[in-house]
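Chains, contacts and geometry: an overview
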Amino acid sequence: MCGGFTCSKNALIALNVLYIIVAFILIGVAVYGRAASLVTNLPIVGGILACGIILILISALGLLGAVKHHQVMLFFYMVILFLLFLIQFSVACACLGVNIAQQEQLAEQGWSRVGNNTRMEVQEVFTCCGFDDTIDKSIPHPSCENIYMRCCPNPNDKDCVCRPCMKKLQDTINYAFKLCGWIGLFFSLTEFMGVLLTVRYRNQKDPRANPSAFL
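Residues numbered from 1 in each chain as written. Predicted model: local features only at pLDDT ≥ 70, side-chain atom pairs only at ≥ 80, totals over all residues. Heavy atoms only, no water.

**Quick notes on the overall build of the protein chain**
Operational definition: In this description a helix means any DSSP run of H or I spanning at least four residues, a strand means any run of E spanning at least two, and both kinds are numbered starting from the N terminus. Relative accessibility thresholds used throughout: buried, under 20% of the residue-type maximum; exposed, over 50%; partly exposed, between the two (1.4 Å probe, protein chains only). The contact definition used throughout considers only heavy atoms, calling two residues in contact when any of these lie within 4.5 Å. Computed by Shrake-Rupley with a 1.4 Å probe, the accessible areas treat only the displayed protein chains as cover when residues are assessed.
Scanning the protein chain from N- to C-terminus turns up eight helices and zero strands. Along the chain direction, N to C, the helices and strands of the protein chain fall in the order α-α-α-α-α-α-α-α. Sorting the 215 residues of the protein chain into buried and exposed places 43% on the buried side. Restricting the contact set of the protein chain to residue pairs at least 6 apart, pairs at least 24 apart contribute 77%. When the accessible surface of the protein chain is totalled, it reaches about 11600 Å², and 66% of it is carbon and sulfur.

This is how it looks when you write it as structure tokens:
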């Protein structure tokens, strides 16, 4: 029957293999979220990255404990996985809860903190010029001469101007937060399922074991 020892064991092994795949997905998404913003420091996205790395280590512990039906390993695996579920669920909700104003504030703080080389890189990547009219008055932006040729390929269009970077940065940050949030939320629920499965499997007796071992 599916609720038996063998089924629980195989299900837990398969779930931990899935966790390893999930961990690499989380790491990839978090790295994209950090790289795409360029000028912003996204600590919430960093939390997703940390969860992905920890999940790989926990999955290895879970695989070993499931194969050997090791009570101590399964106990620590269950406790750590539940704590990781709480952290990842909270981080995912925080990612989804960041509003537009907070995203713009992050972009503004990042632009003010970095040097001209990074600002120039942002302008080239996003094909934009400056941050916005308010910030550019206090923090002069790098020259947009090279960017202008890409913004306005038609030299006869005298009304063409390069868009400021704030809007494009905000769109990128918003996408990174939402992507990290929804993926983190979905996979945190699978971790809770793993905790429940581990509790069940840990309390089952191995039919191949010596009955006297449970006395």
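**Some details on the state of the cysteines**
Rules: A pair of sulfur atoms, both from cysteines and within 2.5 Å, is called a disulfide here.
This model, assessed by the stated rule, comprises one disulfide. The partner cysteine of Cys128 in its disulfide is Cys165, sulfur to sulfur 1.9 Å. Classification of the bridge connecting Cys128 and Cys165 rests on its S-S torsion, roughly 95°, and on that basis the disulfide is right-handed. Taken together, the positions of Cys128 in the loop between α5 (116-126) and α6 (133-138) and Cys165 in helix α8 (residues 165-202) put the pair 37 residues apart, joining distant regions of the chain. Both residues of the pair, Cys128 and Cys165, count as buried. Cysteine Cys93 remains unbridged, with the sulfur of Cys95 as its closest cysteine sulfur at 9.4 Å.

**A short note on the confidence of the model for the protein chain**
To keep it simple, the criterion reads: Residue-level confidence of the predictor, termed pLDDT, takes values from 0 up to 100.
The predicted model of the protein chain averages 77 in pLDDT, with 84% of residues at 70 or higher. Of all helices and strands in the protein chain, the one with the weakest mean pLDDT is helix α7 (residues 145-151) (75), whereas helix α3 (residues 71-97) scores best (86).

**So, the nonpolar core**
In globular proteins that are soluble, nonpolar side chains generally tend to be buried together. Defined as follows: Remark: nonpolar core denotes a set of buried residues (Ala, Val, Leu, Ile, Met, Phe, Trp, Tyr, Cys) joined through side-chain atoms within 4.5 Å.
One finds Leu12, Leu55, Leu81, Trp111 and Leu169 to be the most contacted residues of the largest nonpolar core, which totals 38 residues. Mapped onto this core, the elements with two or more residues apiece are α1 (5-37), α2 (43-68), α3, α4 (100-113), α5 and α8. Looking at this core element by element, the count peaks at ten residues for α8. Here Leu55 is in contact with Tyr19, Val22, Ala23, Leu26, Leu81, Leu84 and Glu191, once residues within four sequence places are set aside.

**A closer look at unusual backbone geometry**
Phi angles above zero are rare outside glycine, and His69 is one such case at about 55°. Along the chain, His69 falls in the loop between α2 and α3.

**Here we look at the packing of aromatic side chains**
Stated formally: Ring geometry is summarised as follows: Phe, Tyr and Trp rings, the Trp one being its six-membered ring, pair when their centres sit within 6.5 Å, and such pairs are stacked at plane angles under 30 degrees, edge-to-face over 60 and tilted between the two.
Summed over the entire model, instances satisfying the criterion amount to four aromatic pairs. Residues Phe75 and Phe76 carry aromatic rings whose centres are separated by 5.6 Å and whose planes lie at 75° to one another, so their mutual orientation is edge-to-face. The exposure class of Phe75 is partly exposed, given its relative accessible area of 36%. Exposure remark for Phe76: the relative accessible area of 47% places this residue in the partly exposed category. Pairing Phe85 with Phe192 gives two aromatic rings, centres 5.3 Å apart and planes at 40°, and the pair type is tilted. Linking Phe85 in helix α3 with Phe192 in helix α8, this pair joins segments that are 107 residues apart in sequence.

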